[in-house]
Amino acid sequence: LPSTAAAQSDPAVNAPPHLTDIGDLWRLVRHKESGDDDVESGKRFLVIAPSIGSKPSTGLNGGLSGNLAFYSGDPSTTHISTFNGGFRVSQKGQLLTGVRINAFSSGDRWFFQGDNRFSLTSQNTYGLGGETLSSDVENVKYDYVRLFEGAYRHVAPGLFVGGGINLSEHSNVRPGQASVATWDD
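**Concerning the overall build of the protein chain**
Part 1 of the reasoning: The helix and strand tally for the protein chain stands at 3 helices and 7 strands.
Part 2 of the reasoning: For the protein chain, with 185 residues in total, the buried portion stands at 21%.
Part 3 of the reasoning: Long-range pairs, those at least 24 residues apart, make up 43% of the contacts in the protein chain with a sequence separation of at least 6.
Part 4 of the reasoning: In the form shown here, the protein chain has an accessible surface area of approximately 13,200 Å², with 59% of it arising from carbon and sulfur atoms.

Printed below as a string of C-alpha cells:
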C-alpha cells in the first residue's frame, strides 16, 4: 500500500488530463500563447455571428446576433460587463429584436441592467374553457415593446440597492392573415 499512497500525493499522477477547447485552437491559429490573453481595463471583446432557429410560433428564422464584453475598471475589482443583442426575421413575417445590458462601473460602484425588446410578431390563441378544440386556433398579430431598465448602487459586500422601470406594452393587436374571424375596431 505505500506505493498507492505515494501515487495519490504525486501531483503528476493526480493532474487532470489536458483538454483542448475552442480557445486553445483559436490561440493556435493566431500563434498566441495562453498568457497573451491577459485582460485589460477598457479592452473590448466583440463577437458577431449569424443566428438561425426554428420553433412553432415563429417557424424558421434567421438574423444576426452580437455580444460585447469589457471591464470598465480594474479587472481585479470590477466585474465584466456585457451587452448582447440581435435581430431575427421569421418565415411567418415576424421581426424580433432585443438588447440586454449588464454593466458594472469601475470598482463595481454601480450596476446597470436592461432587457429591451421590440417585436412585430404573432401567436396562436385558443378559446377559454375546457372544451376548446385545438382546431379552434386563432392567429393573432401584435406589436410588442419591452423596456426593463435598472440602476443599482453598491452599499455593502454582495449588496446593491436601486430601482428601475419595467414597461411592457402589447399594441396593434389584430387578426392574423390565416384568421377566419373578423374583429371590430
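Having put the structure on the table, let's press on.
**Some thoughts on the environment of Val47**
Part 1 of the reasoning: Relative to the elements of secondary structure, Val47 occurs in strand E1 (residues 44-55).
Part 2 of the reasoning: Discounting chain neighbours no more than four positions away, the residues touching Val47 are Ser65, Gly66 and Asn67.

**Remarks on the sheet that holds strand E6 (residues 138-156)**
Part 1 of the reasoning: In spatial order, the strands read E1-E2-E3-E4-E5-E6-E7; together these 7 strands make up an open sheet with antiparallel pairing. Two strands close off the open sheet at either side, each with one partner strand: E1 and strand E7 (159-175). Each neighbouring strand pair of the sheet contributes to a mean axis angle of 10°, computed without reference to strand direction.
Part 2 of the reasoning: Sheet analysis places strand E3 (residues 81-90) next to strand E4 (residues 95-104), joined by 8 bridges and oriented antiparallel. Residue pairing for E4: Asn84 is matched across the bridge by Arg100.

**Regarding the pairing of E7**
Part 1 of the reasoning: With 15 bridges connecting them, E6 and E7 associate as antiparallel partners. Note that in E7 the partner of Lys141 across the bridge is Arg174.
Part 2 of the reasoning: What sits between E6 and E7 in their antiparallel hairpin is a turn of 2 residues, with Gly158 showing a positive phi close to 75°.

**Some remarks on the layout of surface pockets**
Part 1 of the reasoning: Computed from the structure, the largest pocket encloses a volume of approximately 470 Å³.
Part 2 of the reasoning: Around the largest pocket sit 26 residues that line it, and Lys55, Arg88, Leu96, Arg117 and Ser119 are the ones nearest its centre.
Part 3 of the reasoning: The set of elements that each furnish at least two residues to the lining of the largest pocket consists of E1, strand E2 (59-70), E3, E4, strand E5 (110-125) and E6.
Part 4 of the reasoning: If you tally residues by element for the lining of the largest pocket, the top one is E5, at 6 residues.
Part 5 of the reasoning: Of the residues belonging to the lining of the largest pocket, the class tally is 6 nonpolar, 14 polar and 6 charged.

**Let's talk about unusual backbone geometry**
Part 1 of the reasoning: Despite not being glycine, Asp108 shows a phi value in the positive range, around 60°.
Part 2 of the reasoning: With respect to the element layout, Asp108 can be found in the loop between E4 and E5.
Part 3 of the reasoning: Classification of Asp108 as buried rests on a relative accessible area of 9%.
Part 4 of the reasoning: Non-glycine residue Asn172 carries a positive phi angle of around 55°.

About the thresholds
- Residues numbered from 1 in each chain as written.
- Predicted model: local features only at pLDDT ≥ 70, side-chain atom pairs only at ≥ 80, totals over all residues.
- Heavy atoms only, no water.
- Helix = DSSP H or I, 4+ residues; strand = E, 2+ residues; numbered from the N terminus.
- Buried < 20%, exposed > 50% of the residue type's maximum accessible area, 1.4 Å probe, protein only.
- Contact = heavy atoms within 4.5 Å.
- Areas by Shrake-Rupley, 256 points an atom, 1.4 Å probe, with all protein chains shown as cover.
- Pairing = 2+ DSSP bridges.
- Axes fitted to C-alpha atoms, helices over the stretch in contact; angles between N-to-C directions.
- 1 Å grid on protein atoms, 1.4 Å probe; cavity = no way out; pocket = protein on both sides within 12 Å on 5 of 7 lines; lining within 4 Å.
- Points joined across faces, edges and corners; volume = space filled by probe spheres on them.
- Nonpolar A, V, L, I, M, F, W, Y, C, P; charged D, E, K, R; others polar.

Read these as spatial facts, not as claims about activity.
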